[in-house]
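# Inside the fold
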Amino acid sequence: MRPSIKEILLMNPDTDTRTVYGWVRTKRDSKNVCFFELSDGSCLKNLQVIVDKEKYNPDDILAKLTTGAGVEVDGLLVESPGANQSVELQASEIRILGEAPAESYPLQKKRHSFEFLRDIAHLRPRTNALGAVTRVRSTASFAVHRFFQDRGFYYIHTPIISASDCEGAGEMFQVTTMDLNNIPKTGGSVDYTHDFFGKSAALTVSGQLEAEIYALSHSNVYTFGPTFRAENSNTARHLAEFWMIEPEMAFCSLDGNMDTAEDFIKYVIGYILEHCAEDMELFNKFIEKGIVDSLASVVNSEFHRVTYTDAMKELEKNKAKFEFEPSWGVDLQSEHEKYLTEQVFKGPVIVTDYPKDIKAFYMKMNDDGKTVRAMDVLVPRLGEIIGGSQREDSLEKLTARINDMGLEEKDYWWYLDLRRYGSVPHSGFGLGFERLIQYMTGMQNIRDVIPFPRTVHNAEF
Ligand code: ATP
Ligand code: MG
């Protein structure tokens with residue numbers, strides 16, 4: 001394969017003419033020389049190309065070297081006198097592969113707002129910031145697999161279409177092949193026996209319940225896939241389609257779960273700091289000043305751990321500061337999460353043992369009968385990035401909980417079977433991949449860390 005610009009920038013000057021490919025980023029012209037910068041997306045840095053106009057001066061081609069144009073350049077890699085790079089390309093021939101007329105090309109040199117760029121999601125990966133996000137995202141995906149694979153976890157592909165009734169209510173996107181203008185009904189309600197799956201189906205909101213099946217055969221498993229929630233809110237940390245990582249571990253208690261979550265976050269951050277140093281420097285300078293040092297210190301310190309009850313006491317001491325009054329029994333609002341991570345603990349914190357009424361039915365009940373073995377990992381700037389728990393492994397208690405919550409036992413038959421046959425303590429968590437990317441890059445809006453964000457009224461690209 002031909003070398004990328006990233007590889008070329010690390011090479012020594014050589015004596016054979018080579019051909020380089022990329023898109024023009026900037027051009028400076030003077031009487032005798034023309035300089036332009038080429039990018040092929042392989043790294044943040046560009047390859048500087050120099051045209052000595054006394055030797056080679058095709059006016060028509062030089063005029064077409066505008067920002068965004070795709071080109072093929074023959075030239076000699078020579079030592080660069082400039083301070084920014086050690087090599088540059090001395091062009092002997094330039095071919096324009098695709099023009100990008102300056103009058104209409106939307107990405108000119110100046111910095112564009114992220115809002116503006118969202119409307120041109122087909123061109124925004126060509127900018128420095130979104131280009132860097134793209135590389136960090138890819139590298140982080142690899143690190144996620146690496147972390148789990150190195151530790152013997154199996155990667156499970158849980159279904160995207162789910163026709164089981166035991167996922168979360170509300171927030172779901174229905175999947176149907178029925179004609180919406182002519183929906184079959186019996187007795188006033190929709191008759192799903194005529195639908196593709198013979199029952200109502202939806203896009204998955206979590207792969208956890210299915211991952212539990214495999215944890216109870218393969219011990220340590222994880223999922224990493226798209227997840228869909230019809231979030232009707234317009235926040236900077238919710239998408240309708242996002243990627244979730246969900247490990248599930250058998251013979252594992254809440255403490256083991258917290259240890260894995262903490263090791264995992266530190267591992268991915270460490271991996272990015274090491275492998276994406278150049279891109280991280282961009283975020284450090286232009287997006288979130290000081291983020292590199294602050295992430296490095298996260299990797300080297302322990303996450304705080306506090307029970308919900310103690311966290312609540314801390315918040316109640318400072319009631320006046322909040323719009324939503326903190327009190328035992330209510331869920332933490334994002335202002336509370338911010339306060340805990342930024343003011344009280346000054347770093348990531350794991351909150352455990354939440355009141356049962358604000359958590360899902362499958363979480364293991366504590367002996368107090370009031371709280372469950374839940375854990376949320378909260379981080380500065382963002383709030384929650386992980387939600388997890390030890391799962392209820394007692395058939396009796398899980399059945400009671402399903403009934404208490406007004407759910408139908410029959411809808412959970414296979415989930416209950418897992419407690420009937422070979423039930424063992426097990427735990428897991430869900431991490432929103434985009435929130436982790438936001439945390440690592442400092443990007444403020446979740447729509448800018450996924451290539452094609454899906455939110456209310458937005459699915460153009
Ligand atoms: P939140 O309170 O922020 O809506 P949640 O309690 O609904 O989160 P969980 O159901 O515990 O979240 O999901 C696990 C993780 O998935 C969350 O910690 C978060 O990182 C991520 N997540 C949840 N909903 C979204 C979303 N709509 N967009 C992006 N990430 C999400
Ligand atoms: Mg939510």
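As a reminder, the structure under discussion sits directly above these lines.
Parameters and conventions
- Residues numbered from 1 in each chain as written.
- Chains lettered and ligands numbered in written order.
- Predicted model: local features only at pLDDT ≥ 70, side-chain atom pairs only at ≥ 80, totals over all residues.
- Heavy atoms only, no water.
- Near = heavy atom within 4 Å.
- Polar contact = N/O pair within 3.5 Å; in protein donor to acceptor, adjacent residues only side chain to side chain.
- Areas by Shrake-Rupley, 256 points an atom, 1.4 Å probe, with all protein chains shown as cover.
- Helix = DSSP H or I, 4+ residues; strand = E, 2+ residues; numbered from the N terminus.
- Phe/Tyr/Trp six-rings, centres within 6.5 Å; stacked < 30°, edge-to-face > 60°.
- Buried < 20%, exposed > 50% of the residue type's maximum accessible area, 1.4 Å probe, protein only.
- Lys NZ or Arg CZ within 6 Å of the ring centre and 35° of its normal.
- Axes fitted to C-alpha atoms, helices over the stretch in contact; angles between N-to-C directions.
- Parallel < 35°, antiparallel > 145°, perpendicular 65-115°, else oblique.
- Contact = heavy atoms within 4.5 Å.
- Nonpolar A, V, L, I, M, F, W, Y, C, P; charged D, E, K, R; others polar.
- Patch = residues over 30% accessible without salt bridge, like charges linked within 9 Å, V, L, I, M, F, W, Y side chains within 5 Å.
- Salt bridge = Lys/Arg side-chain N within 4 Å of Asp/Glu carboxyl O.
- Disulfide = S-S within 2.5 Å.

This paragraph deals with the site of ligand 1. For ligand 1, the set of nearby residues contains 15 residues, the closest of which are R229, E231, H238, E384 and I385. Taking E231, its side chain carries an N or O atom lying 2.9 Å from a nitrogen atom of ligand 1. At 3.1 Å, a backbone N or O of G432 approaches an oxygen atom of ligand 1. If ligand 1 stood free it would expose 580 Å²; the protein chains cover 79% of that surface. Examining the composition of the shell around ligand 1, we find that 4 residues originate from one element, strand 17 (residues 383–390), more than from any other.

Bringing the packing of aromatic side chains into the picture now. Inspection of every chain in the model, using the stated rule, returns 20 aromatic pairs. Ring geometry for F361 and Y362: centres 5.4 Å apart, planes at 75 degrees, overall edge-to-face. Residue class for F361 comes out buried when judged on its relative accessible area of 8%. Sitting over the ring of Y354, K359 keeps its end group 4.3 Å from the ring centre. When the ring centre of Y415 is taken as origin, the NZ or CZ atom of R419, which lies over that ring, is 4.1 Å away.

So, on to the packing of helix 11 (residues 395–404) against helix 12 (residues 413–420). For any two helices packed against each other, one specifies the inter-axial angle together with the distance between the axes. Packing of helix 11 against helix 12 leaves a shortest axis separation of 9 Å and a crossing angle of 155 degrees. Put simply, helix 11 runs roughly antiparallel to helix 12. The segment helix 11 lies against helix 12, with L395, L398, T399 and I402 engaging Y415, L416, R419 and R420. A per-class count over the contact of helix 11 with helix 12 returns 5 nonpolar, 1 polar and 2 charged.

Together, I160, I161, F196 and F197 make up an exposed nonpolar region whose accessible area comes to about 390 Å². Looking at the element boundaries, F196 is found in the loop between strand 10 (189–190) and strand 11 (201–203).

A word on the state of the cysteines. Under the defined criterion, the tally for this structure stands at 0 disulfides. No disulfide involves C43; its nearest neighbouring cysteine sulfur is the one of C276, lying 12 Å away.

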